[in-house]
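The residues making up each chain are set out below.
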Amino acid sequence: MKNSKILLTLLIISLLLPLSTVAHQPTTTKVSVNTTNSELQETSAKLAGNILVNGQAMNYLQTLTDRFGARLTTTKAYQRSAEWAAEEFRAMGIKNVRLEKFTMDGWERVLSARARMLTPIDRPIILHSMGWTPSTPTNGIKGEVVLLKDFSIDKIKAQADIFKGKILLLDPNTAFSEGRLNALLKASDVYLALKEIGAQAVLIPDQYENNIVKARKASFGTKVTALPVAALGSEDNQLIRRSLEKGSVTIEFQYENRTPGDVQVDNVIAEIPGREKPDEWILIGAHLDSWDFGTGAQDNGSGSATVLDVARAIASLGQAPRRSIRFALWGGEEQGLLGSKAYIGAHKGEMDKCIAVLNTDNGAGHPNGWKVQGRNDVYEAMKPISNMLTSLNGNTLSYEVSFNTDHAYFVLEGVPALDLLVDMAHYDDVHHKSSDTIDKVNPHSLATATAIVAITGYTLAEQPKTLAPRLGHDAIEEILKKANLLDFLKKSGDWK
Ligand SMILES: [Zn+2]
């Protein structure tokens, strides 16, 4: 199964985890080194001026969010937004624009949940289907709530009599005692065991005030789970927990999801061929897909708008840089970085010629610079470029290794991969929630991020020397080890 080994989703879908793993060198440094050649400086000023004064990123973002809405991968809205983005690249005069397909299991929320507590009191409660889980039966699910304290198949089988016919409310404190990552790795098997003993559904409590629920998946991969799994609002979870201490609780709920099986999904790829070394390329990418509660403005309409506006600004220079620049808008990121992973699989033979990858997916806060993913050589080589970003306040370089978005599988390829470093103080306020809408995006921060990506990307493509070599297996493993990622990547099957 293509998706059985996806790991990285976890860092995205699992609510209690930090979004990234901090590497061995905690240093984050503002760079100040005298640089650089005047022509590059001039082109950078031109790019930044174009973007900061005449930028289109907010317009792109408004189209993405208001015209297409949420862009959940495998839905028509995603597909339409991919086709629109391809047209936009062509409208910039970029000739080499492709939709590159990959396949994944489809899922879409058709009818939101209606849910009630029936006893001990009769009142509405807030819950929502988790992604890539099935609909309830047409007439809904009605039953007694029982706590699920163990996420272990053996212990579940031993309690088959207790769980049969029940709705199981997961207690994260005990059920996830061996860590959420480990729990999620085996979640599909646990749900299957629960289905086999006749449990009706699983509820997983969320942790946000006002019963706000985040969109996320219930397991690894995109195989639809064996039984319905829903996220339950925090206050309603607490009500049920208090009520369970006094006696029995019954609830009922109903919702409908579409699960069409395999769906073809498009990554959008646009290339400006290099004028001297067209076979060497840098990639500037962001995921186009979003979760479905909001309209994915922060995550990751903002990154997609950045990629589009960087392409527009570079294309408008009239002269291609020395090396090729590929612009990528990925699908399937939220379900496990599936689009970028598929792209690497389809372009394995070209990875030696990939000079660098720039990814942007850390929200709409103020951009500060780049995360160099634990690499000293990249850090040193980036200093002169970083220096050019000083007046944008984008000259911070961080060693942080973040394994939660589309640069991640490029890190495993040993390719120099940089992830935009952004102030994430307010990221979680709207992350995967219905409040992830365009009003949360600051146009100035978005334009600044766009200018930083454009200058960095253009400079990397233009410089006489390449940024840093492609790393071999042992050097990559060393980075993963220091970032405490190695064990997990081995367990998930992503690293041998
Ligand atoms: Zn994202």
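Cut-offs used in this document
Residues numbered from 1 in each chain as written. Predicted model: local features only at pLDDT ≥ 70, side-chain atom pairs only at ≥ 80, totals over all residues. Heavy atoms only, no water. Donors = N, O, S within 2.8 Å, 3.2 Å for Na, K, Ca; no water. Tetrahedral: all angles 85-135°; square planar, octahedral: opposite > 155°, others 65-115°. Buried < 20%, exposed > 50% of the residue type's maximum accessible area, 1.4 Å probe, protein only. Helix = DSSP H or I, 4+ residues; strand = E, 2+ residues; numbered from the N terminus. Expected span 1.5 Å × (residues − 1). Contact = heavy atoms within 4.5 Å. Core = buried A, V, L, I, M, F, W, Y, C linked by side-chain atoms within 4.5 Å. Domains from an automatic or database assignment. Salt bridge = Lys/Arg side-chain N within 4 Å of Asp/Glu carboxyl O. Polar contact = N/O pair within 3.5 Å; in protein donor to acceptor, adjacent residues only side chain to side chain. Pairing = 2+ DSSP bridges. Right-handed = clockwise from strand over helix to strand, strands pointing away. Axes fitted to C-alpha atoms, helices over the stretch in contact; angles between N-to-C directions. Parallel < 35°, antiparallel > 145°, perpendicular 65-115°, else oblique. Left-handed = near helix turned anticlockwise from the far one by under 90°. Nonpolar A, V, L, I, M, F, W, Y, C, P; charged D, E, K, R; others polar. Arc of directions from axis to C-beta.

Looking at the coordination of the zinc ion
Move 1: Around the zinc ion, the protein contributes the donor atoms His 287 (NE2), Asp 299 (OD), Asp 361 (OD) and Asp 361 (OD), which lie 1.9 to 2.6 Å from the metal centre.
Move 2: Of note is the zinc ion, whose four donor atoms meet at the metal with angles of 53 to 148° in an arrangement that counts as irregular.
Move 3: Look at His 287 and you get buried, because its relative accessible area is 0%.
Move 4: Given the relative accessible area of 5%, Asp 361 is considered buried.

Considerations on unusual backbone geometry
Move 1: In this structure, Pro 120 follows Thr 119 across a cis peptide bond, with omega equal to 5°.
Move 2: Looking at where Pro 120 falls in the secondary structure, it is placed in the loop between β2 (96–119) and β3 (123–124).
Move 3: In the segment running from Asp 299 into Asn 300, the intervening peptide bond is cis, with an omega of 0°.
Move 4: Checked against the element boundaries, Asn 300 lands in helix α11 (residues 297–315).
Move 5: One non-glycine residue, Gln 373, lies in positive phi territory at about 60°.
Move 6: Relative to the helices and strands, Gln 373 is located in the loop between β13 (367–371) and α13 (376–387).
Move 7: One non-glycine residue with positive phi stands out, namely Asn 484, at about 60°.
Move 8: Its relative accessible area of 65% is what places Asn 484 among the exposed residues.

Some details on helix α2 (residues 38–54)
Move 1: With 17 residues, α2 should reach 24 Å at 1.5 Å per residue; the first-to-last C-alpha distance of 23 Å fits that figure.
Move 2: Contacts made by the buried residues of α2 are with α11 and α16 (443–462).

Let's talk about the nonpolar core
Move 1: Residues Phe 89, Ile 94, Ile 284, Phe 327 and Trp 370 are the most contacted members of the largest nonpolar core, which totals 78 residues.
Move 2: Counting residues per element, this core draws most heavily on α16, at ten residues.
Move 3: With 29 residues, the next largest nonpolar core counts Leu 283, Tyr 343, Tyr 409 and Ile 476 among its residues.

Quick look at the domain arrangement of the protein
Move 1: By domain assignment, the protein separates into domain 1 (9–105 + 262–492) and domain 2 (112–259).
Move 2: Taking only C-alpha atoms into account, the centre of domain 1 sits 35 Å from that of domain 2.
Move 3: In this structure, the connection of domain 1 to domain 2 is made through one salt bridge.
Move 4: Our enumeration of links across domain 1 and domain 2 arrives at six residue pairs in polar contact (both at pLDDT 80 or more).
Move 5: Looking at the side of domain 1 that touches domain 2, the elements that each hand over two or more residues are α1 (9–13), β2 and α18 (486–492).

Some details on the pattern of salt bridges
Move 1: Per the stated rule, a full pass over the model turns up 28 salt bridges.
Move 2: Linking Asp 419 and Lys 371 is a salt bridge whose minimum nitrogen-to-oxygen distance equals 3.6 Å. Placement of Asp 419 in strand β15 (residues 417–422) and of Lys 371 in strand β13 is noted, with a sequence separation of 48 residues between them.
Move 3: Assessed through its relative accessible area of 0%, Asp 419 is described here as buried.
Move 4: Lys 383 is the salt-bridge partner of Glu 380, the closest N and O atoms lying 3.3 Å from each other. Here Lys 383 and Glu 380 lie together in helix α13, a separation of three residues that amounts to about one turn.
Move 5: Assessed through its relative accessible area of 45%, Glu 380 is described here as partly exposed.
Move 6: Overlapping salt bridges bring together Lys 348, Asp 352, Glu 413 and Arg 470 as one network.

Here we look at the pairing of β13
Move 1: With four of five residues buried, β13 is to be regarded as a mostly interior element.
Move 2: Inspection of the sheet shows β13 paired to β15 by four bridges, in the antiparallel sense. In the sheet register, Gly 369 faces β15, and the bridge partner there is Leu 421.
Move 3: Bridge analysis of β13 against strand β14 (residues 396–398) gives three bridges, and the strand direction is parallel. The residue of β14 that forms the bridge with Trp 370 is Leu 397.
Move 4: Remark: the β13/α13/β14 crossover connection has right-handed handedness.

Details of the packing of α2 against α16
Move 1: Across the interface, α2 lies against α16 with an axial gap of 9 Å and an inter-helix angle of 150°. As the angle between them shows, α2 and α16 are arranged roughly antiparallel. α2 and α16 meet at a crossing whose hand is right-handed. Along its contact with α2, which presents Leu 40, Thr 43, Ser 44, Leu 47, Ala 48, Ile 51 and Leu 52, the element α16 presents Ala 447, Thr 448, Thr 450, Ala 451, Ala 454, Ile 455, Tyr 458, Thr 459 and Glu 462.
Move 2: Considering only residue class, the contact of α2 with α16 consists of ten nonpolar, five polar and one charged.

Focus: helix α17 (residues 473–482)
Move 1: Among the residues of α17, those classed as buried are Ile 476, Glu 477, Ile 479 and Leu 480. Along the axis of α17, the buried positions cluster into a sector of 160°, meaning they face one direction only.
Move 2: Check the buried side of α17 and you find it contacts α14 (408–412) and α18.
Move 3: Once α17 finishes, Asn 484 follows within two positions and takes phi at roughly 60°, a positive value.

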